[in-house]
Amino acid sequence: MHIALPENHLKHIVSTDQFTDLHLLKQLFQATDRLRRMPDVERLELLRHKLLATIFYEPSTRTRLSFETAMYRMGGQVISSENADISSSTTKGETIEDTIRTLGTYADIIVLRHPEQGTAEKAAKASLIPVINAGDGAGEHPTQALLDLYTLLRHLGGSLNGKTIALVGDLLYGRTVHSLVKLLTLYENVRIILVSPPQLRMPPAYKHIGVTWEEVDNLTAVKEQVDALYVTRIQKERFQNQATYKKLQQNYVINKKTLKVLKSDGVIMHPLPRVGEIATEVDADPRAMYFEQIQNGIFVRMALLYWLLANKP
Amino acid sequence: MHIALPENHLKHIVSTDQFTDLHLLKQLFQATDRLRRMPDVERLELLRHKLLATIFYEPSTRTRLSFETAMYRMGGQVISSENADISSSTTKGETIEDTIRTLGTYADIIVLRHPEQGTAEKAAKASLIPVINAGDGAGEHPTQALLDLYTLLRHLGGSLNGKTIALVGDLLYGRTVHSLVKLLTLYENVRIILVSPPQLRMPPAYKHIGVTWEEVDNLTAVKEQVDALYVTRIQKERFQNQATYKKLQQNYVINKKTLKVLKSDGVIMHPLPRVGEIATEVDADPRAMYFEQIQNGIFVRMALLYWLLANKP
Amino acid sequence: MHIALPENHLKHIVSTDQFTDLHLLKQLFQATDRLRRMPDVERLELLRHKLLATIFYEPSTRTRLSFETAMYRMGGQVISSENADISSSTTKGETIEDTIRTLGTYADIIVLRHPEQGTAEKAAKASLIPVINAGDGAGEHPTQALLDLYTLLRHLGGSLNGKTIALVGDLLYGRTVHSLVKLLTLYENVRIILVSPPQLRMPPAYKHIGVTWEEVDNLTAVKEQVDALYVTRIQKERFQNQATYKKLQQNYVINKKTLKVLKSDGVIMHPLPRVGEIATEVDADPRAMYFEQIQNGIFVRMALLYWLLANKP
């Protein structure tokens, strides 16, 4: 089975901005679909002999293991540092550029997580081998946005044209939704309903992109049925008054009752982990896609790893 | 070489209680023997394409590496989190059920270690893929009991009928001996001699199973020769008075002198690590089986991994 | 492609002293060259089925990943404990000998890092499988010295006879340069220029080996052009007065200006990480070999892993 490579060569994956071309997204998700359907034994031949380095300067077991799983399922191998902040040469004062150039003599590709915004780009510039940004602080986490979009398209008929998507929860600090809206607004005629407490509204910078926006204070204020509910966690650390937090959080919980806002063929999504934002009674609903999202993440990451490595000698 | 599967399908390995059927144990140890004798190259084909997730919420390098070794020796791959307590989504408040369902989209099988009793069972209930309990606090560590029994049977003629086994050390808190006695007492006519300080006697709950028990205060009080000495560590943390601990501990040390209590064809066992309970002068004794126990653990774990994975598509 | 084994069997790699035979070094570097030129696919067959245990009692991500890369690139597998000091049985009081014997039932070869001098030798004595010392405190780090020598020979025409090598920086505490001089002084007619502050001079023990030594206080005092500059880090922790440190450190920085001390066909080396000792403006100089050193380390380690494992059944 053949997996097509993108027409314009991608060397690194640093930002969601690299994917604001609908044709490129289409190619990526076609590759993802192919990988999903490919028999295990065949997939294991794709990246034989290839070595991935997962270098995490802050822990994120879920993201790290997702990339490692993608690599192993395609026959590759992995070297890993999950506490690069304390165990690496960084503690001795080495620059990220030197660390990356060193790893470039070991591995064929690097997946980097770092708490500081902009580090992924610095790393990519210094690197002789491909770098994938697995989150750099308040910056980007492009593969999360891509797997979210893939999941939406998979269940909403392959396009978002004419769809209504409600983003629920913390829209001020949530890196995930900021990256996602960049991709959603590539489609024509998308309606986005922002459901958040006034303190956690989406920053204007993300809203002025010529889409139909609506802003409401809670789920009961959503007066129409939507195609997708994308729910995020409201972190209690954002509130000084914990009583305020507790009362407020209740208004954004998805349960059997609040679910009536969703169309019968819609989807419920969440980047996980959840802490009560979606009641477990919802898990059995056929529209609940948050565990499928996780699995889709593996296939999207496979496609990206394959793209970046396939045309190397 | 063919490895027979159990007649009754095992989905998870959570408790020693799942192995209180002598026929099942016999099948398991036959599979273990086959794996031990199988040429390396052949064994490497058994679990090709399979992926194990070792998720440890408290460190136990020995147990983790034993399972990982078993997986690699059968051709599988491993993703791992050895500090899942601090690096995973658990710190953000995720339930163990959500963590397990997430991992179920990554791996084909999970080995779980957790400090809280009952977690393995919770995990197994939530999981779509097999879960093996690698210790849950004061609860169970079934693979340890199974490798102990396998080692005993291997050196005592394939059955414990009519055998005398001395359990030495901390019999009050030692999870290992509690699980082991459950299995020992499956055999007819087993005599068990409990050798411990009065403060660290085996709890009655474990003794009332219709076996011949004897309870003595120290090794010199054992008046007959035994077939097996199973020695465990007396942890100094159990004693407020460290002088008491030091004096007391001496009475349970296996050395050339105290070894006269063991038959010439008997075995000395210990779950390791030891901290002086068995003098190093004993290591060269042909009856010393504590390092072989470790190795047997790999083969028993191979058999279990194979059983749980073999009839998956 | 055939890789010759050494005439005298090596069981463990504990000390640079095992490599004070020029013939053995020649054989090792021939094997290294073969591995460097070998096609990936062929190299992957060399250590199939073999399992390496990397056991690190102090973090050193760079060294650990270098060995792991070497193993994976030859088709082997790896089990790993990168925090063996806190996560292993050592915390319960187990001896290094017991830990090593346990690991010997898991893996085919052990790479050990430990903060205490002499531990590698203890481990090797207790071990039934090969042990490689990846650094034991103030003791040895033999593979670093070997990769340094390999890099020098590769660029200085295959021998050091008649060459002048400047060692720059902290020559008092630097384990790296102490091991390296042992190997440098095996060659006839080597001139060594020691460039260090008076407080950080090389200890006499390393200098009395019948070579031509010269000792100067800083780079500008080097009056001839040298074949190699081997630069090490001056750790600020060595100085009570940080102003003294800052002023002093300036005198040992390699930049375009101080580089005039190096011949046009010479080499600049550094064990990395660097913290300003070599200005980044030097990186593009064709004589800069510090990143190649890192890569050479992988090939030298491959050769050693292969030697130690190749004649095992």
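Note on numbering: residues in each chain are counted from 1, in written sequence order. Just so you know, chain letters begin at A and ligand numbers begin at 1, following the order they were written in. Only residues with pLDDT of 70 or above have their local features reported here, since the model is predicted, and side-chain atom pairs are shown and tallied only from 80 upward, although totals for entire chains, interfaces and linings are computed over all residues. Think of the side-chain values as coming from all heavy atoms in the structure, minus any hydrogens and water.

### Quick notes on the packing of helix 5 (residues 96-103) of chain B against helix 6 (residues 119-126) of chain B
Residues and elements named next belong to chain B.
And step 1. Contact pair helix 5 / helix 6: the axes reach a minimum separation of 9 Å and the direction vectors enclose 50 degrees. It follows that helix 5 is oblique to helix 6 by the angle criterion. Note that helix 5 runs across helix 6; the crossing there is right-handed. Residues Ile96, Glu97, Ile100 and Arg101 of helix 5 pack against Thr119, Lys122, Ala123 and Ala126 of helix 6.
And step 2. In the scheme used here, Gly and all other residues not listed as nonpolar or charged are polar, with Ala, Val, Leu, Ile, Met, Phe, Trp, Tyr, Cys and Pro taken as nonpolar and Asp, Glu, Lys and Arg as charged. Across the contact of helix 5 with helix 6, the residue classes break down as 4 nonpolar, 1 polar and 3 charged. Angular values range over 0 to 180 degrees, each being the angle between N-to-C directions of two axes fitted as lines to C-alpha atoms, with helices fitted over their stretch in contact. For the purposes of this entry, the term helix denotes a DSSP run of H or I that reaches at least four residues, the term strand denotes a run of E that reaches at least two, and both are numbered from the N terminus. Here roughly perpendicular refers to angles of 65 to 115 degrees, roughly parallel to angles under 35, roughly antiparallel to angles over 145, and oblique to all remaining angles. Each helix crossing is assigned a hand: it is left-handed if the near helix lies turned anticlockwise from the far helix by less than a right angle, otherwise right-handed if that turn is clockwise. Only heavy atoms enter the contact rule, under which two residues are in contact if any of them lie within 4.5 Å.

### Let's talk about the UniProt feature "binding site: carbamoyl phosphate" (unreviewed entry) in chain A
And step 1. Residues annotated in UniProt with the feature "binding site: carbamoyl phosphate" (unreviewed entry) correspond here to A:Arg62, A:Thr63, A:Arg113, A:His141, A:Gln144, A:Leu272 and A:Pro273.
And step 2. Residue placement: A:Arg62 occurs in helix 3 (residues 61-73).
And step 3. Examined against the element boundaries, A:Leu272 turns out to sit in the loop between strand 9 (262-269) and helix 11 (290-310).
And step 4. Ignoring any residue separated from it by four or fewer positions in sequence, one finds A:Leu272 in contact with A:Arg62, A:Tyr290, A:Phe291, A:Ile294 and B:Thr102. UniProt positions are given in the numbering used here, feature names are shortened, and annotations may be inferred rather than shown by experiment.

### A closer look at the pattern of salt bridges
And step 1. Each salt bridge in this description consists of a side-chain nitrogen of Lys or Arg and a carboxyl oxygen of Asp or Glu lying within 4 Å of one another. Applying the stated rule across the entire model yields 60 salt bridges over all chains.
And step 2. Among the salt bridges present, the one from B:Arg191 reaches B:Glu214, with a minimum N-O distance of 2.6 Å. Of this pair, B:Arg191 sits in strand 6 (residues 191-195) while B:Glu214 sits in strand 7 (residues 212-216); the two residues are 23 residues apart in sequence, bridging distant segments of the chain.
And step 3. For each residue, the accessible area found with a 1.4 Å probe, counting protein chains only, is set against the maximum for its type, and the residue is called buried under 20%, exposed over 50%, and partly exposed in between. Residue classification places B:Glu214 among the partly exposed residues on the basis of a relative accessible area of 29%.
And step 4. A salt bridge links C:Arg64 to C:Glu68; its shortest N-O distance comes to 3.2 Å. Separated by 4 residues within a single helix, C:Arg64 and C:Glu68 lie in helix 3 (residues 61-73), roughly one turn from each other. Here the two residues C:Arg64 and C:Glu68 agree in accessibility, since each one is buried.
And step 5. If you follow the salt bridges from partner to partner, you end up with A:Asp98, A:Arg101, C:Arg274 and C:Asp283 in one network.

### Focus on the packing of aromatic side chains
Residues and elements named next belong to chain A.
And step 1. Two rings from Phe, Tyr or Trp (for Trp, the six-membered ring) form a pair when their centres are within 6.5 Å of each other. A pair whose planes differ by under 30 degrees is stacked, one over 60 is edge-to-face, and the rest are tilted. Enumeration over the complete set of coordinates arrives at 9 aromatic pairs over all chains.
And step 2. Aromatic pair Phe29 and Tyr150: ring centres 5.4 Å apart, planes at 55 degrees, arrangement tilted. One end of the pair, Phe29, is in helix 1 (residues 22-37); the other, Tyr150, is in helix 7 (residues 142-155), and 121 residues separate them in sequence. Across this residue pair, the class does not change: Phe29 and Tyr150 are buried.
And step 3. We count a charge as sitting over a ring when the NZ of a lysine or the CZ of an arginine lies within 6 Å of the ring centre and within 35 degrees of the ring normal. Directly above the ring of Phe67 sits Arg301, whose terminal nitrogen or CZ lies 4.8 Å from the centroid.

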